[in-house]
Amino acid sequence: MERKSEINGHAMPSSASTDRILLEKDARKSLKEKLVDFLAKNLLVIMTVSGVLVGVGLGMMVRNMNLTKAQMTYFAFPGEMLLRMLKMIILPLVVCSLVSGAASLDTRSLGKLGGIAVAYFLVTTLIASCIGVALAFIIKPGVGAGALNTNSLGLESVSSDKETADSFLDLARNLFPANLVAAAFRSYSTDYRMVVVGNDTNGTMLYQKVPVGTETDGMNILGLVLFAMVFGVALRKLGSEGEELIRFFNAFNEATMVLVSWIMWYIPFGIMFLVGSKIVEMEDVVLLVTSLGKYIIASILGHIIHGGIVLPLIYFGFTRKNPFSFLSGLITPFTTAFATCSSSATLPSMIKCVEENNGVDKRISRFILPIGATVNMDGAAIFQCIAAVFIAQLNNAELNAGQIFTILVTATASSVGAAGIPAGGIITIAIILEAIGLPTNDLSLMLAVDWIVDRTTTVVNVEGDALGAGILHHINQQEMKKQQEQQQDGELAEVRVEAVANVQAEEETSPLVMHQTKPSAATPEAIESVL
């Protein structure tokens, strides 16, 4: 087909002269026009970053007004509306994107990509855990903080008496929800009840702690992810019978992405009040930072090392492309993650930006990002490991090699079940502490500074998901190129075989060959005409 270019609104056949005219027209663009083009392309990013900065300034101003608790709630209302919108879209987005993603990939590709994704998630989370433990032993945030306790900071005590085994069993139970409708707003959790089992010799009743299943508020995202994936594979297996339903989920998914694009324009305004309200609600920041400053520094430094060095190096190792040019297209979801502290709430804008700004295949992004938002928690693994070592140092407990290994494995495994919500990782720290036999009384110290650490935690979590999608997209592209080359080689081989067969047939029947092989029988004129 003839390529066409446009000059002054008219379509013209492309040629060297027209291309030159277009280049000259671009060169003649004034600085003002270039600036307008740049602002038009990056308006949402600029507004989102500005929203955070204005929110900080607004929070500092309002903080001096000494608002009551009720007034603080009203001030935080626009930010609360943003969170509600993002949470509203999570359920249809996760289910529809996973069903359509799993149904669009053939079983072999699905198995291969899924295997690579799981390996990537596990390896990066284990590396993150190692970084966390190493930094905790180097910086020693808990040494010298023995006098620090919950009462001195005026904090409520937080404790968890949940057994480690029950925590992992709950994870398995939530993978297979008994009721899919209930899984949209509730998840399974083990509680304990004291049951009378008899009397001793003195007549005193003997009690035993028995685990009892309860339902807790909060979406069971893990169970929904697994169901959606398996359901998508089942639809593909149906063949032509399942096509109608696949088309329905594809259309539902596209409609959801349209809603996401609308919500994204509210993000800058909502983020401004989210950040501002957090600054207004802060208690005695100076006391917190001086008391837990080393813990905060260790956690944020771990996130900078993992997010700024380790993850980009892994991406570069697989793709041989600049990871920072990839990450530059994701400023809006990173800002959303920083403001909301929720991987799940960041998912809608992450899917949109990865596809539109970085050109990742829809089948890859809509399959891998919802899974990553649920199971890939690199940032959480870092701060959980630092918190576990911090509490050990706080209680003057020496950790042996076995306990350190337990921290690494438990942090890697429990981060899979960590809810993608603000302060979701605090519960998993309790699992780690139970596993290494440390008290959970000091968990409230983590909760006191979680609003600071959780921001960088969420940014690293979603960065790991995005780079994973980029790596899988690159691997998928390479596989497709190999298949195309093999098909072309096969077609060339077939053409070559046909050509050889035709030459052999010509040699047997061509009168020209007969004239050339028997020159003595022909006249000179005949030979001349043949030549």
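Below you will find a few notes about this structure.

What counts, and at which threshold
Residues numbered from 1 in each chain as written. Predicted model: local features only at pLDDT ≥ 70, side-chain atom pairs only at ≥ 80, totals over all residues. Heavy atoms only, no water. Patch = residues over 30% accessible without salt bridge, like charges linked within 9 Å, V, L, I, M, F, W, Y side chains within 5 Å. Areas by Shrake-Rupley, 256 points an atom, 1.4 Å probe, with all protein chains shown as cover. Salt bridge = Lys/Arg side-chain N within 4 Å of Asp/Glu carboxyl O. Helix = DSSP H or I, 4+ residues; strand = E, 2+ residues; numbered from the N terminus. Buried < 20%, exposed > 50% of the residue type's maximum accessible area, 1.4 Å probe, protein only. Axes fitted to C-alpha atoms, helices over the stretch in contact; angles between N-to-C directions. Left-handed = near helix turned anticlockwise from the far one by under 90°. Contact = heavy atoms within 4.5 Å. Phe/Tyr/Trp six-rings, centres within 6.5 Å; stacked < 30°, edge-to-face > 60°.

**Considerations on a nonpolar patch on the surface**
- There is a patch of nonpolar side chains on the surface, built from Leu35, Phe38, Leu39 and Ile46 and spanning about 350 Å² of accessible area.
- With respect to the secondary-structure elements, Phe38 resides in helix H2 (residues 31-63).
- By relative accessible area, Phe38 is classed as partly exposed at 45%.

**Remarks on the pattern of salt bridges**
- Overall, the coordinates contain 9 salt bridges when judged by the stated rule.
- The partner of Arg247 in a salt bridge is Glu244, with the nearest N and O atoms 2.5 Å apart. Taken together, the residues span about one helical turn, with Arg247 and Glu244 both in helix H9 (residues 243-263) at a distance of 3 residues.
- For Glu244, a relative accessible area of 54% corresponds to the exposed category.
- In this structure, the salt-bridge partner of Asp361 is Arg363, at a minimum N-O distance of 2.9 Å.
- For Arg363, a relative accessible area of 31% puts it in the partly exposed group.
- In this structure, a network of salt bridges that share partners links the residues Glu254, Glu355, Lys362 and Arg366.

**Some details on the packing of helix H4 (residues 77-104) against H9**
- One way to put it is that H4 packs onto H9 with a least axis distance of 9 Å and a crossing angle of 145°. By crossing handedness, the relation of H4 to H9 is classed as left-handed. Contacts between H4 and H9 involve Met85, Leu86, Met88, Ile89, Pro92, Leu93, Cys96, Ser97, Val99, Ser100 and Ala103 from the former and Ile246, Phe249, Asn250, Phe252, Asn253, Thr256, Met257, Leu259, Val260 and Ile263 from the latter.

**Here we look at the packing of aromatic side chains**
- Summed over all chains, the structure comprises 10 aromatic pairs.
- Here the aromatic rings of Phe75 and Phe273 are separated by 5.6 Å at their centres, their planes lie at 65°, and the arrangement is edge-to-face. Residue Phe75 is found in helix H3 (residues 69-75), and its partner Phe273 is found in helix H10 (residues 267-281); the two are separated by 198 residues along the sequence. For the pair Phe75 and Phe273, a shared accessibility class is recorded, and that class is buried.
- Taking the centre distance of 5.8 Å and the plane angle of 90° together, the rings of Phe248 and Phe252 count as edge-to-face. With Phe248 and Phe252 both in helix H9, this residue pair falls 4 residues apart, about one helical turn.
- When its relative accessible area of 44% is taken as the criterion, Phe248 is described as partly exposed.

Interpretation in functional terms is not warranted from these geometric data alone.
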